[in-house]
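# Working through the structure, step by step
Single-letter residue listing:
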Amino acid sequence: MGTINCLWTIIVLGHWIINSIWCQSLPAATEIDCITGSSLETLTEAEGYRGDVEGINLVSVVSTLDLQSTSCPVCLSFLELRQNVGTASATVRTKKPLDAEELKGTGSLSYSIICRDSRVQYDRIVTVTDVNEYAPEFDKDLYLANVSEYAPWRTIVTQVRAVDKDATPAHSTVLYSIEPPTDTFHIGGVGHIYLEKLLDSSVTTVYELNVKAQDPQGKSSNTTVKIVVLVRPGPYFQHNYYNASIAENEVMPNLAVYPAPVQAYNGDTASAENFTIHYSIHTVSPSEYSEAFEINKATGAIGVKTELDQEKSSAVQLVLRASYELYPHKIADVQLVVEVENVNEAPVFSLSLYTSNIVTTVPLHYHVVTVKAKDPDVGETEMLQYFLVEPSSLFAVEPSSGQIYVVSDIHTGTVTLKVNATDPHGLYDTTTVEVTIKDPSNVVQISINKPSDTVMDKVQEMKKALERALGLQVTVVSVMDSGGDTVVSFIAMEANGNLVSPEDVKNDLEKNKAKVQAELQAVFGDDTDFEIVDEGKESSVDIIAIVLGTVGAIVAVIAAIIGGVYGQV
């Protein structure tokens, strides 16, 4: 080993002299004279060294030398002095490799060379440099620990201990870690394992940690820490089942619950901790009522915030949950069934205003329009009865179906009717019907080569097809059977509401015949054809008016009607 840049300091006490020489690695070469006094020399060598420590040359006088160490008895187990009697040289050498760990108390070898005749003493100190030989070692291969699931944050769960046999802190300092890291536990500098968060026994009740001990140079060892979570009882409800009832269309801030108000208790009676219980609504079925209920977090009182509908659901099932405030994973669930009581409700018309257009020549019992109401109460829609609020000499209503029909001769103008729908308990709703009666001279007729029932099924699509082809607003006023074909009567208006004369409409039909036919074919099929019905043509054939839904399924048969017979669809 090369020269070390450190200073040997030789201290001579009293009459001794003080010299300074540079430190060097072993073996050192020294001179002693057994006369002038004692010197303290400091040598340095790494542990594990074996061989000569000091080569001694006696100057001026030849004397027998002795080796001793009063302050470090163990040091002599490492060293021996060899001298041939009567010679002027001697050697101090090792008996076994230098070991910093065995010399851990001092970290050095101290010895003295004594001239036997003069008793002059030469002191020596050899500093043994520590080498990183050892990895930290745990005192156990497996550590076992228990911890309550209610243990608070930063609780010390257990302690592991590893020792590094190296002599100096540079090699023997132990650093602990959990591999891989976990957010549940943390290990401190002295091996304490702490809780980093509250435990949840529903996740796991056993943790196995791989703990690593490592020295500053990276030498390491591992051990296993097994931690068992002691499960504690959670809250429990006073009863296994609760029920309540409420009338539909009511709200109630504090619902009466049976057999007793909702209440949960602390199940961990052995614990000294006073657990705070929180209540919540876990599920609601049907789910559409999830926002209809609320629960007091502290008391468990149930409130109904929005109206329930018995016709949609006769009962609502809630799952109530109780949990500890500090340990929300400790829960108890219980079922609450809320019966919804039926309350009679008034029927409701689908429209507040119905409108219809007909011509003055429609037959008696002609179906003008059907009004329809719905009763929210289950099964009572079919039991509704329809009545005119004020009797009419022109129109009547069929009580069970709501069909408005003609009962006498009518004239051009507008008739307004009020109709009631009444349920079996006397509750009712009212709607308005406006019937506009037009002059048949403005009606245009076309004949389509399709059966009347086919045309009736698609009368709205046909109306829109004619509007697209003609660029006018079309109102169909009748659909009539004509020997296998169908005669459709309609009036046409401009966008501003002005009627278009039949002659102009017929001209538009002739001019746009291909377009009209294409639109009708899109509705009724590719084999669809049509033709314009001239005035008087219908007098040569029997035309049967289709009177839809008339009272008692009356079909008015009108034969050889001159000028045409019209009915609105």
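Everything that follows concerns the structure shown earlier in this document.
## Examining the overall build of the protein chain
Scanning the protein chain from N- to C-terminus turns up 5 helices and 42 strands. Taken over 569 residues, the protein chain has a buried fraction of 43%. Taking as baseline every contact in the protein chain between residues at least 6 positions apart, the subset at least 24 positions apart corresponds to 65%. In the structure as shown, the protein chain presents an accessible area of about 28,300 Å², 51% of it carried by carbon and sulfur atoms.

## Some thoughts on the pattern of salt bridges
Counted by the stated rule, this structure contains 13 salt bridges. Here Arg-93 makes a salt bridge to Glu-80, at a shortest N to O gap of 3.8 Å. With Arg-93 in strand β8 (residues 89–94) and Glu-80 in strand β7 (residues 79–83), the pair connects residues that are 13 residues apart, well separated along the chain. A residue is classified by how much of its surface remains accessible, and Arg-93, at 26% relative accessible area, is partly exposed. Residue classification places Glu-80 among the partly exposed residues on the basis of a relative accessible area of 23%. As a salt-bridge pair, Arg-468 and Glu-519 come within 3.0 Å of each other at their nearest N and O atoms. You can see Arg-468 sitting in helix α3 (residues 459–470) and its partner Glu-519 sitting in helix α5 (residues 513–524), a full 51 residues away along the chain. Taking the relative accessible area as the measure of exposure, Arg-468 reaches 47% and is therefore partly exposed. When salt bridges that share partners are traced, they join Asp-52, Glu-80, Arg-82 and Arg-93 into one network.

## Remarks on the sheet that holds strand β16 (residues 185–187)
Read across the open sheet, the 3 strands follow the order β13-β17-β16; overall the sheet is antiparallel. Looking at the sheet topology across the chains shown, the edges are occupied by β13 (156–159) and β16. Within this sheet the neighbouring strands show an average axis-to-axis angle of 25°, counted without direction. In terms of strand pairing, β16 meets strand β17 (residues 192–195) through 3 bridges, oriented antiparallel. Looking at the pairing, His-186 lines up with Tyr-194 of β17.

## With respect to the state of the cysteines
With the rule as written, the count across this model stands at 2 disulfides. In this model Cys-34 forms its disulfide with Cys-115; the gap between the sulfur atoms is 2.0 Å. The disulfide joining Cys-34 to Cys-115 has a torsion of about -75° about its S-S bond and is therefore left-handed. Linking Cys-34 in the loop between β3 (28–32) and β4 (40–46) with Cys-115 in strand β9 (residues 108–115), this pair joins segments that are 81 residues apart in sequence. By relative accessible area, which is 5% here, Cys-34 ends up buried. What links to what in the protein chain: the bonded cysteines, counted in sequence order, pair as 1-4, 2-3.

## A closer look at the sheet that holds strand β36 (residues 428–438)
Sheet architecture is open: 4 strands sit in the order β29-β36-β35-β32, paired in mixed fashion. Each end of this open sheet is capped by a strand with a single partner; those strands are β29 (353–359) and β32 (385–388). Across the sheet, the mean angle from the axis of one strand to that of its neighbour is 30°, orientation sign disregarded. In the sheet, strand β35 (residues 413–422) pairs with β36 via 10 bridges, with the strands oriented antiparallel.

## Overview of the nonpolar core
The biggest cluster of nonpolar side chains holds 31 residues, and the ones touching the most others in it are Phe-237, Phe-293, Leu-308, Leu-320 and Leu-336. Every element with two or more residues in this core is listed here: β21 (241–247), β23 (277–285), β24 (293–295), β25 (302–304), β26 (315–324) and β27 (331–341). Beyond its immediate stretch of four places on either side in the chain, Leu-308 contacts Ile-246, Glu-248, Asn-249, Tyr-289, Ala-292, Phe-293, Val-316 and Val-340. Val-53, Phe-78, Leu-79 and Tyr-122 belong to the second-largest nonpolar core, a separate cluster that totals 29 residues.

## Describing unusual backbone geometry
Between Glu-179 and the following residue, Pro-180, the backbone shows a cis peptide bond with an omega angle of -10°. Secondary-structure assignment places Pro-180 in the loop between β15 (175–178) and β16. Residue Tyr-258 is joined to Pro-259 through a cis peptide bond whose omega torsion reads 10°. Relative to the elements of secondary structure, Pro-259 occurs in the loop between β21 and β22 (264–265). Despite not being glycine, Arg-119 has its phi angle at roughly 60°, a positive value. Its location among the elements puts Arg-119 in the loop between β9 and β10 (121–129). At His-365, a residue that is not glycine, the phi angle is positive and equals roughly 65°.

## Notes on the environment of His-411
Its place among the elements puts His-411 in the loop between β34 (403–406) and β35. Residue class for His-411 comes out exposed when judged on its relative accessible area of 61%. Taking C-alpha positions, His-411 is 8.8 Å from Thr-361, a pair spaced 50 residues apart along the chain. Apart from residues no more than four positions distant in its own chain, His-411 is found in contact with Thr-360 and Ile-437.

## Focus: α5
Here α5 spans 16 Å end to end across 12 residues, near enough to the 16 Å set by a 1.5 Å rise per residue. Buried within α5 are the following residues: Val-516, Glu-519, Leu-520, Val-523 and Phe-524. One side of α5 carries all its buried residues, which in axial view fall inside an arc of 120°. Facing away from the buried side of α5 by more than 90 degrees, the exposed set consists of Ala-514 and Ala-522. Buried residues along α5 sit in contact with β37 (444–448), α2 (452–457), α3, α4 (502–511) and β40 (530–532).

About the cut-offs
- Residues numbered from 1 in each chain as written.
- Predicted model: local features only at pLDDT ≥ 70, side-chain atom pairs only at ≥ 80, totals over all residues.
- Heavy atoms only, no water.
- Helix = DSSP H or I, 4+ residues; strand = E, 2+ residues; numbered from the N terminus.
- Buried < 20%, exposed > 50% of the residue type's maximum accessible area, 1.4 Å probe, protein only.
- Contact = heavy atoms within 4.5 Å.
- Areas by Shrake-Rupley, 256 points an atom, 1.4 Å probe, with all protein chains shown as cover.
- Salt bridge = Lys/Arg side-chain N within 4 Å of Asp/Glu carboxyl O.
- Pairing = 2+ DSSP bridges.
- Axes fitted to C-alpha atoms, helices over the stretch in contact; angles between N-to-C directions.
- Disulfide = S-S within 2.5 Å.
- Core = buried A, V, L, I, M, F, W, Y, C linked by side-chain atoms within 4.5 Å.
- Expected span 1.5 Å × (residues − 1).
- Arc of directions from axis to C-beta.

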